[in-house]
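Residue-level structure breakdown
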Amino acid sequence: MQLMKAVAGIFLVALFTQVSWCEEFKSQQPEISRSSGKIAKGTEWETGFFVVDSGVSGATVMIVGGMHGNEPAGSRAAEQILHWPITRGKLVVVPRANVLGLAANARSIPGQPEETANLNRNFPQVEQGVEFKATPRGDLAAALWRFAFKVRPDWVIDLHEGYAFNRSHQPPAGEKKSVGSSVIYEGGEKMDPLAEQLVAAADALVSDPEKRFSLLRRGPVDTGLTRACINVMGAEALILETTYKDQPMSLRTRQHRAMANVLLNHIGLIDEDCRDRLAAPGSPDQLQVAIFDGAGTGPSRIKLCEVIEAAPDLALHHVGPHEMRPDVLEQFDVVHFPGGSGSKQGGAIGERGRTAVRDFVSDGGGVVGVCAGAYLCSAHYEWSLDLIDSAVFTGSAEIPGKGRKQLWYRGKETDVDIELTPSGESLFDRGGVPKEFVVKYCNGPIISPNDLEELEDYKVLAWFRSESGLWEPQEGTMVDTPAIVSGKFGGGRIISVSPHPENTEALHSIITESIRWTAAGAE
């Protein structure tokens, strides 16, 4: 017995000693530091940079996005990557190099002379190994070059987009072939295997063989930022190109993240799979908002994005069917489903994705649906999300001289009258929305209670006070029906908006206040 006590005592001493050592070791672990600043500060080209320092020695990697303003996916992907958990080295991100071009959706710098308008043709063109003697062309390129030279990156990753797919693009004689969907690098024994891994990661997201990625071993273009960093600083550098033709933003940013994930793991900055990390960790100052951009979304999405991005407390992320998973949705406060086709959106999301969205809301997340998104939020169709206890006026009728017509279709976009309820006035008052107003309407759902026991009754926030229609069976079916409703599902909230307030500047706060309200979760 004494021997057992002695052994036990030694074990406990060893255990507590180990625990104490572990706590001391943890306390000595370097903390990740995050800082930010401005490039070209005080000028019209002023843009932000971000530095994530692991506190552990390692490579310095600089990621640049938005060099060309009509290539926004690189900018958005860079903004997502800067939140990845760096475990070694330093990550420097310039997500919006050409802020004026991005704002104008223009490749070049607006208002600049032709010879300096293309930002990525303005950097020092010097022979490899030459010290810092050459001067960039233009003030913005000069500011970016001074910043790069101060950072002295070991690796440079420039995120771009092409206008067509390199593999299938066959331009007319005399025109350049697009470099879309490619990895551009200096080929050789060292870089070839890595570039092949990057292409494999991107191609895993591509089903059409004609849209798969190419390896362009000729290296980055002369006078580009990456080529200058190679020649002057001896950096390793790659250009990662997606393609904006006929591909949603969510897919293009996912391809950028997939390639960056392979590269940063290879370099040693991260030690886990970060491909599906899109949003910053929760912050009381900014809500993370996802907007669905998959099949079934229409022009409404573009306007909604503009409204959301104009609000400083809302951070926007594009998501597609691939992101309709619990591990991705949990990064967001609210998911927004825009106008277009509710059935196509529901079909693209699929049964598993719809379940994931319902679980997201049940766990406290928010959903806002506009027009087609409002159809999606209903509990009427087999493809619905079943979040709002609403049935939809639908069906068909035989119209004399016209044949059988679908009654949900009420014609082209038109103006209709709306009146807020006291609940709606209370919710939208901060945005200055009047009690009565006119709004654009384009075949949004006309709803009524579905009386499902498993769903709470919705609350009406606004009524239709006029109507749109084409056929006699539609007359009187829209007036005095709910135009905007709210509901609760488990621990979360939903707002369903039948018309299009995003199309009228004075009504934009209906969208932003709906997002803020649903983000608060059920009380």
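The text that follows walks through the structure, step by step, so that each part is easy to find. (Residues numbered from 1 in each chain as written. Predicted model: local features only at pLDDT ≥ 70, side-chain atom pairs only at ≥ 80, totals over all residues. Heavy atoms only, no water.)

**A few points about the environment of tyrosine 244**
Tracing the chain through its elements places tyrosine 244 in the loop between strand 8 (236-243) and helix 8 (249-267). For the pair tyrosine 244 and proline 193, spaced 51 residues apart in sequence, the C-alpha to C-alpha distance is 26 Å. With sequence-adjacent residues up to four places away left out, tyrosine 244 is seen in contact with Asn70, Glu71, Glu161, Gly162, Tyr163 and Arg252. (Helix = DSSP H or I, 4+ residues; strand = E, 2+ residues; numbered from the N terminus. Contact = heavy atoms within 4.5 Å.)

**Quick look at a nonpolar patch on the surface**
A surface patch of nonpolar side chains, amounting to about 280 Å² of accessible area, comprises Trp408, Tyr409 and Leu470. Tracing the backbone through its elements, the reader meets tryptophan 408 in the loop between strand 15 (403-406) and strand 16 (414-420). (Patch = residues over 30% accessible without salt bridge, like charges linked within 9 Å, V, L, I, M, F, W, Y side chains within 5 Å. Areas by Shrake-Rupley, 256 points an atom, 1.4 Å probe, with all protein chains shown as cover. Salt bridge = Lys/Arg side-chain N within 4 Å of Asp/Glu carboxyl O.)

**A few points about the pattern of salt bridges**
Enumeration according to the criterion identifies 22 salt bridges in this entry. Close ionic contact of arginine 107 with glutamate 71 constitutes a salt bridge, the shortest N to O distance being 3.2 Å. You can see arginine 107 sitting in the loop between helix 3 (99-104) and helix 4 (114-117) and its partner glutamate 71 sitting in the loop between strand 3 (60-65) and helix 2 (72-81), a full 36 residues away along the chain. Arginine 107 sits in the partly exposed class, given a relative accessible area of 34%. The exposure class of glutamate 71 is buried, given its relative accessible area of 4%. The closest approach of N and O atoms between lysine 435 and glutamate 419, which form a salt bridge, is 3.8 Å. On the criterion of sequence distance, the pair formed by lysine 435 in the loop between helix 13 (422-428) and strand 17 (436-441) and glutamate 419 in strand 16 is long-range, its members being 16 residues apart. On the basis of relative accessible area, lysine 435 is assigned to the partly exposed category, the value being 40%. Shared partners join several salt bridges into a network, and the residues in it are Asp313, Arg430, Glu513 and Arg516. (Buried < 20%, exposed > 50% of the residue type's maximum accessible area, 1.4 Å probe, protein only.)

**Observations concerning the packing of helix 2 against helix 8**
Running from N to C, helix 2 and helix 8 cross one another at 50°; their axes reach a closest spacing of 9 Å. Comparing the axis directions of helix 2 and helix 8 gives the class oblique. Helix 8 is crossed by helix 2, and the crossing has right-handed handedness. Contacts between helix 2 and helix 8 pair Pro72, Ala73, Gly74, Arg76, Ala77, Gln80 and Ile81 from the former with Met249, Arg252, Thr253, His256, Arg257, Ala260 and Leu264 from the latter. (Axes fitted to C-alpha atoms, helices over the stretch in contact; angles between N-to-C directions. Parallel < 35°, antiparallel > 145°, perpendicular 65-115°, else oblique. Left-handed = near helix turned anticlockwise from the far one by under 90°.)

**Describing the sheet that holds strand 5 (residues 155-162)**
Spatially, 1-2-4-3-5-8-6-7 is the arrangement adopted by the 8 strands of the open sheet, whose pairing is mixed. Whereas interior strands pair on both sides, the edge strands pair on one side only; in this sheet they are strand 1 (33-39) and strand 7 (214-216). Taking the axes of each pair of neighbouring strands and ignoring which way they run, one obtains an average angle of 20° across the sheet. Relative to strand 8, strand 6 (residues 182-184) is paired through 3 bridges, and the arrangement is antiparallel. For serine 182, the partnering residue across the bridge sits in strand 8 and is glutamate 241. Packed onto the sheet, helix 5 (residues 139-151) meets strand 1, strand 2 (47-53), strand 3 and strand 4 (90-94) and runs at close to 175° relative to strand 4. Sheet strands in contact with helix 6 (residues 192-203) are strand 5, strand 6, strand 7 and strand 8, and its direction is about 150° off that of strand 7. (Pairing = 2+ DSSP bridges.)

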